[in-house]
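# Observations on chain architecture
Spelled out, the chains give:
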Amino acid sequence: MDKEKFRGTTILMVRRGGKVAVAGDGQVTMGDMVMKHHAKKVRRIYHGKIVVGFAGASADALHLFDRLETKLEAHQGNLTRAVVELAKDWRTDKILRRLEALLLAVDGQNSFLISGTGDVIEPDEGVMAIGSGGPYALAAARALMAHTDMSPNDICREAMNIAGSLCVYTNSEIVIEEL
């Protein structure tokens, strides 16, 4: 997939001490113009037990959120099974294959990145990021994890602010959901 298609956001997940936080910025960019400052790219699904965030096309991601929630219902909230089933459908279905987004999904124990190429990736460490500002947020979060005792929420906020200061497609209107 063309990296240019995933410009315009930063989503960060941090897991530490039995807590997990997922943060997203609020900027929506079309080309080189900011269209919106307060978008919500991180939300809770499946009775508030799962937090998801997306990078890519908003309509595609919202459709995938709905599909993931359907899979969660079918598998009684088993996130691992639901994301594997979603990734299989996403990769093999003729229409879904055209959707342009990346998803992060977490519950109390598991964290996954899901892509349309069939990838279901669990982070080795308690940190994962997607989107144009993802590398900046990821580097900042890893440093904060290694050198502070900050909470996942605080690490997300600080790392997202750092990413927003470096990535022109990321702003400081941060939404954080925590489990």
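### Some points on the sheet that holds strand S5 (residues 42-45)
In space, the 5 strands of this open sheet follow the order S5-S6-S7-S8-S9, with antiparallel pairing throughout. Looking at the sheet topology across the chains shown, the edges are occupied by S5 and strand S9 (120-121). Summarising the sheet, strand S8 (residues 111-114) and S9 pair through 2 bridges and their orientation is antiparallel. Looking at S9, one finds that Leu113 is bridged to Ile121. Where helix H1 (residues 58-74) meets the sheet, it contacts S5, strand S6 (50-56) and strand S7 (101-106), and its direction lies at approximately 150 degrees from that of S6. Across the face of the sheet, helix H2 (residues 79-92) comes into contact with S6, S7, S8 and S9 while running at roughly 170 degrees to S7.

### A word on the state of the cysteines
Scanning all chains against the criterion turns up 0 disulfides. Unpaired in this structure, Cys156 has its nearest cysteine sulfur neighbour in Cys167, at a distance of 16 Å.

### A few points about the packing of H1 against H2
Close contact between H1 and H2 brings their axes to 8 Å; oriented N to C, the two are set at 130 degrees. Classified by the angle between their axes, H1 and H2 sit oblique to one another. Of the two elements, H1 crosses H2, and the hand of that crossing is right-handed. Where H1 approaches H2, its residues Leu64, Arg67, Leu68, Lys71 and Leu72 are matched on the opposing element by Leu79, Ala82, Val83, Glu85, Leu86, Asp89 and Trp90.

Calculation notes
- Residues numbered from 1 in each chain as written.
- Predicted model: local features only at pLDDT ≥ 70, side-chain atom pairs only at ≥ 80, totals over all residues.
- Heavy atoms only, no water.
- Pairing = 2+ DSSP bridges.
- Helix = DSSP H or I, 4+ residues; strand = E, 2+ residues; numbered from the N terminus.
- Contact = heavy atoms within 4.5 Å.
- Axes fitted to C-alpha atoms, helices over the stretch in contact; angles between N-to-C directions.
- Disulfide = S-S within 2.5 Å.
- Parallel < 35°, antiparallel > 145°, perpendicular 65-115°, else oblique.
- Left-handed = near helix turned anticlockwise from the far one by under 90°.

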